[in-house]
Amino acid sequence: MLELLFKGRPRFYLWMAFLAAIVGLGVIVYIFQLVLGLQVTGMSRDVSWGFYISQFTYFVGVAASAVMLVLPAYFHHYVKFKRVIIFGEFMAVGAVIMCMLFIVVDLGQPQRVLNVLLHPTPNSVMFWDMMVLSGYLILNLLIGWVTLECERHDVTPPKWIKPLVFLSVFWAFSIHTVTAFLYAGLPGRHYWLTAIMAARFLASAFCSGPAILMLLLLVVKKATKFDPGKDAMRTLATIITYAMCINVFFYLLELFTAFYSGIPGHQHPILFLFSGHDGHMAWVNGWMWTAAVFAIASLALLIPPALRHNEALLPWALIMLVIASWIDKGLGLLIGGFTPTPFETVTNYTPSLAEILVGLGIYGIGGLIVSALWKIAIDVKKETGTFELKA
Amino acid sequence: MLYNAKYIIPGLVVAVAAFTAPFWLNIGTPSYTYPDVAVPTGEDSKQCVEPKEWMRTQHMTLLNTWRDEAVRFDKRTYVATDGKKWDISLQNTCLGCHANKVDFCDKCHNSNNVQPYCWNCHVAPKGNE
Amino acid sequence: MKKSRRDFLKVAGLSAFALGSAAALNLGSAKAATAEGTYETAPAQLKAKRWAMVIDTRRFTNAADFQKVIDACHHEHNVPDIPGNQNVKWLWKDTFAHTFPDDPHGYMPDRIIHGNFLLLCNHCDNPPCVRVCPTGATFRQEDGIVVMDPHRCIGCRFCMAGCPYGSRSFNFRDPLPFIKDVNTAYPPRTRGVVEKCTFCTERLAKGQLPACVEASDGAILFGDLSDPASTVRKALAENFTIRRKPTLGTGPGVYYII
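Please read these numbers as outputs of a predicted model, since none were measured by experiment.

1. A closer look at the overall build of chain A
Of the regular secondary structure elements, chain A holds 14 helices and zero strands. Order of helices (α) and strands (β) in chain A, N terminus to C terminus: α-α-α-α-α-α-α-α-α-α-α-α-α-α. In terms of C-alpha radius of gyration, chain A reaches 21 Å, essentially the compact-globule figure of 21 Å for 391 residues. The dimensions of chain A, computed from C-alpha atoms along their principal axes, are 65 × 50 × 40 Å. Per-residue burial over chain A gives 46% buried out of 391 residues.

Pasting the structure below:
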């Protein structure tokens, strides 16, 4: 099926060249980072993880969210999703590869990364994260590719694919649970030491991932006229709405525990994120308030069915939702976890330009992978006559 | 029958040529000679921890084991095959005798084009750079 | 035709796998060739069931008292002096409120409120850094010392997130240019790995006490916590001592006489 990549319109290659240029810039900056060390980042002795790990965390969620299509389709036989499942699976492939790259660029000694496998350490959550992410990548690539190839040749998928699909549902939950356990099991990091972390991660993943998927499908619809189907999109929007409600609810639970208990350690990170420290505003405060406002606004546009079904409003609601969840998980989570420090002091963290460029490069790689795989999927659908939506 | 032979056969030829290039390119160049390294002199440095020939081929694996035994198992004494005991320390024991890193370690590593990263941390004794 | 090509690929794949595993097995046997000599504990090695440290904070009254022990440690171990917040610290000082953030209040003696306290790795009974390390680069010896193997470290910094005491430092850059007077007897580290206090395992092997203990003129005690006759046990029995963040269940091995 890879040969389909060589038969594209010029604007497809233009888009790919644009992404490749971003990747190229990221690679050049990464080479500097390799030579000079992580001094080129904004990280410090006190805030020892930053933009890279937070992006890793966010995209584990995006990867896991494919399950929001697979589960209704396979467990509840919701056939209208079958048409778009492949896009969810292929987006998960791109997202998992981004996650792995974000881990690698964060390492001080990336050439030693295989030490994790050479010296397996089951007591480390990082070891399990590597296992589940690799497994999830293989599962999605295999399931997506095999089902698409069968669709192309108009044969039923092999029998062994179904158990793998069911496995991938549980696996999706596991990748984000394990990622939450990276944080939720650390003593002394109050913002992370919370039993609801994994549940919060899943809720935020299951609203933001499908929201990104829907936005991308809208772009694809504009570019290729591929129509995912009105019913499928409405159902997905409903799933996103429920997940976002749960996501916001879980965050409010955190606020209750921190502020009703009155335990300073639980309050400090939240206070820092929203109001800074000792009267000094931190740059992240504006972002956190933006996230709060966007979260509420997106819910206001998603909860009433009349607004949710309004195709002109929906993209804006989804964009606000994605921004809100990205700030919460892609910025606030890490900064709140490290601030205040174990000494109850404040060390500010701002991602450096190098970090952002390397991160953009990885976004570019994810974009390349998803664009290529989605193009193959769309071309196959055109070949087999499943491109047009049947009434 | 072979489809697309006009692409496949030239491709195979190029691949085979590339893989065997080291052999072709080195025809006629002088054969490898063991570099003349600076062997330590002095009373205490007549004999290395193990025989010279064995050290020449195995010192890297010995150093790896030394590293793990000392750092990970806190076993910091090496009892050599001749029964002599040595402190396990690249920096103090090995470089103690082989004080001339440039003419000993580097010479052979350079001619074999290996860049061990030992020296990123383990600093050579003063005055031999 | 199609069938036989399929079979050919299967056989080719199996052969490649067999060749690959044979090569992997060879790797294993290459290691056996190093089993030339045998390995022993160093003859002068100081031994304990559980090494612990007691810091008599009453004897650290001025900046020189701190500087003396910090310099001894940092020179011995080639700890670089890097300006800014990407610095490296094994042994350092900070205020009471930062060292013991759980219970600072404004009515303590001046000596406490305005005084400084030594900070270092606590060599915990139940170290979170060891629990989270994905490669075993940091681990706990039987004698209670939490060791760092910089050769194994991949620089993921999970241990730094795990340590509730901020005891770990990452080499954001090559440390060598920031070491004024390199001690050639002890290897510095390289960029990209994490490091911390090791309770001077290399000195204990030579029968010496840790560098800070030696430089402190008796203000820092070091000994076997499981031995009732040891100096640390006597000090703990005779004085009121506290540990940093004991509620986290890490079981710190560093005690502070207040």
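Next comes the rest of the account.
2. Observations regarding the overall build of chain C
In terms of helices and strands, chain C carries nine helices and eleven strands. In terms of overall size, chain C is more extended than a compact globule, its C-alpha atoms giving a radius of gyration of 24 Å where 258 residues would be expected to give roughly 18 Å. When its C-alpha atoms are laid out on the principal axes, chain C stretches across 90 × 40 × 40 Å. Residue burial in chain C is summarised as follows: out of 258 residues, 43% are buried. Sequence separation of at least 24 residues holds for 64% of the intrachain contacts in chain C that already meet a minimum separation of 6.

3. Description of the interface of chain A and chain C
Each partner contributes residues to the interface: chain A has 33 residues there, and chain C has 40 residues. Contributing elements (two or more residues each) for the side of chain A that touches chain C: α5 (115-118) and α6 (125-152) of chain A. For the side of chain A that touches chain C, the element with the most residues is α6 of chain A, which contributes three residues. Here the residues of the side of chain A that touches chain C sort into 13 nonpolar, 15 polar and five charged.

4. Structural notes on helix α1 (residues 5-25) of chain B
Note: α-helices contain 3.6 residues per turn, so residues at a spacing of three or four share the same orientation. All names here are of chain B. With 21 residues, α1 should cover 30 Å at 1.5 Å per step; its first-to-last C-alpha distance of 28 Å lies within 8% of that length. At Phe 19, α1 shows its largest kink, close to 50 degrees, and the proline Pro 22 lies no more than four residues downstream. Along α1, only zero of the 21 residues are buried, which leaves the element largely exposed.

5. Observations regarding the interface of chain B and chain C
On the side of chain C, 25 residues touch chain B, which itself brings 25 residues to the contact. Breaking the side of chain B that touches chain C down by element, the ones donating at least two residues are α2 (52-73), β1 (77-79) and α3 (90-97) of chain B. With eight residues, the single largest contributor to the side of chain B that touches chain C is α2 of chain B. Classifying every residue of the side of chain B that touches chain C gives eight nonpolar, nine polar and eight charged. Here β1 of chain B runs beside strand β1 (residues 38-40) of chain C; their pairing, made up of three bridges, is antiparallel. Among the inter-strand pairings, Tyr 78 of chain B is bridged to a residue of β1 of chain C, identified as Tyr 39 of chain C.

6. Examining the sheet that holds strand β9 (residues 220-224) of chain C
All names here are of chain C. Taken in spatial order, the four strands line up as β9-β2-β11-β10 in an open sheet, and their pairing is mixed. Edge strands, defined here as strands with exactly one partner in the open sheet, are β9 and β10 (241-242). Where strand β2 (residues 51-56) meets strand β11 (residues 254-257), four bridges bridge the pair, whose relative direction is parallel. Opposite Val 54, over in β11, you have Tyr 255 as the bridge partner. Strands in contact with helix α9 (residues 231-238) are β2, β9, β10 and β11; relative to β9, the strand with the most contacts, it is inclined by about 115 degrees.

7. Brief notes about the sheet that holds strand β2 (residues 85-87) of chain B
Reading across the sheet, the three strands line up as β2(B)-β1(B)-β1(C) and stay open at both edges, with antiparallel pairing between neighbours. In the strand order of this sheet, the two ends are held by β2 of chain B together with β1 of chain C, each with one partner. Each neighbouring strand pair of the sheet contributes to a mean axis angle of 30 degrees, computed without reference to strand direction. Of the pairings in the sheet, the one linking β1 of chain B to β2 of chain B comprises three bridges and is antiparallel in character.

8. Notes on the arrangement of the chains
The chain pair with the greatest number of contacts, out of two pairs of chains in contact, is formed by chains A and C. There is no contact between chain A and chain B; across them, the least C-alpha separation is 12 Å.

9. What to know about the pairing of β2 of chain C
Residues and elements named next belong to chain C. Of all six residues in β2, five are buried, a share of seventy percent or more. Where β2 lies against β9, five bridges are found, and the strand directions are antiparallel. Looking at β9, one finds that Val 54 is bridged to Leu 221.

10. A closer look at the nonpolar core
The biggest cluster of nonpolar side chains holds 175 residues, and the ones touching the most others in it are Phe 59, Ala 63, Cys 99 and Phe 102 of chain A. Among the elements that take part in this core, helix α4 (residues 82-106) of chain A stands out by supplying 17 residues, more than any other. With residues up to four places along the chain from it excluded, the contact list for Phe 59 of chain A reads Ala 95, Met 98, Cys 99 and Phe 102 of chain A. Counting seven residues, the second-largest nonpolar core is a separate cluster that includes Leu 62, Ala 70, Val 71 and Ile 88 of chain B.

11. Description of the packing of helix α3 (residues 67-75) of chain A against helix α7 (residues 161-184) of chain A
Residues and elements named next belong to chain A. Relative orientation of the contacting elements α3 and α7 amounts to 140 degrees, with a least axis distance of 10 Å. One element, α3, and the other, α7, form an angle in the oblique class. In terms of crossing hand, the pair formed by α3 and α7 is left-handed. Contacts between α3 and α7 pair Val 67, Val 70, Leu 71 and Tyr 74 from the former with Val 165, Phe 166, Ser 168, Val 169, Ala 172 and Phe 173 from the latter. For the contact of α3 with α7, a count of residues per class yields nine nonpolar, one polar and no charged.

12. Some thoughts on the packing of helix α2 (residues 51-64) of chain A against α7 of chain A
Residues and elements named next belong to chain A. Following both chains from N to C, one finds α2 and α7 inclined at 165 degrees, their axes separated by 9 Å at the closest point. On the basis of the axis angle, α2 is roughly antiparallel to α7. Between α2 and α7 the crossing geometry is left-handed. Taken together, the residues of α7 that come into contact with α2 (itself represented by Thr 57, Val 60, Gly 61, Ala 63 and Ala 64) are Ala 172, Ile 175, His 176 and Thr 179.

13. Examining unusual backbone geometry
All names here are of chain A. With omega at -5 degrees, the peptide bond leading from Thr 339 into Pro 340 counts as cis. Located in the positive-phi region is Asp 154, a residue other than glycine, with phi close to 55 degrees. Within the fold, Asp 154 resides in the loop between α6 and α7.

14. Things to note about the environment of Val 132 of chain C
For Val 132 of chain C, the position within the fold is in helix α5 (residues 128-132). Given 24 C-beta atoms within a 10 Å radius, Val 132 of chain C is considered buried. Note: C-alpha distance between Val 132 of chain C and Cys 159 of chain C (27 residues apart in sequence) is 6.2 Å. Each residue touching Val 132 of chain C, except ones within four places of it in the same chain, is listed here: Ser 124, Val 125 and Met 126 of chain A together with Phe 158, Cys 159 and Gly 162 of chain C.

15. Topic: the environment of Phe 66 of chain C
All names here are of chain C. Looking at the secondary structure, you find Phe 66 in helix α2 (residues 63-76). Overall, the presence of 18 C-beta atoms within 10 Å leaves Phe 66 in the partly exposed class. Filtering out sequence-adjacent residues up to four positions away, Phe 66 remains in contact with Phe 60, Lys 93, Asn 116 and Leu 118.

Thresholds, definitions, all that
Residues numbered from 1 in each chain as written. Chains lettered and ligands numbered in written order. Predicted model: local features only at pLDDT ≥ 70, side-chain atom pairs only at ≥ 80, totals over all residues. Helix = DSSP H or I, 4+ residues; strand = E, 2+ residues; numbered from the N terminus. Rg over C-alpha atoms; globule rule 2.2 N^0.38 Å. Buried ≥ 20, exposed ≤ 12 C-beta atoms within 10 Å, placed from the backbone. Contact = placed C-beta atoms within 7 Å. Nonpolar A, V, L, I, M, F, W, Y, C, P; charged D, E, K, R; others polar. Expected span 1.5 Å × (residues − 1). Bend = angle between axes of the 7 residues up to and from the residue. Pairing = 2+ DSSP bridges. Axes fitted to C-alpha atoms, helices over the stretch in contact; angles between N-to-C directions. Core = buried A, V, L, I, M, F, W, Y, C linked by C-beta atoms within 7 Å. Parallel < 35°, antiparallel > 145°, perpendicular 65-115°, else oblique. Left-handed = near helix turned anticlockwise from the far one by under 90°.

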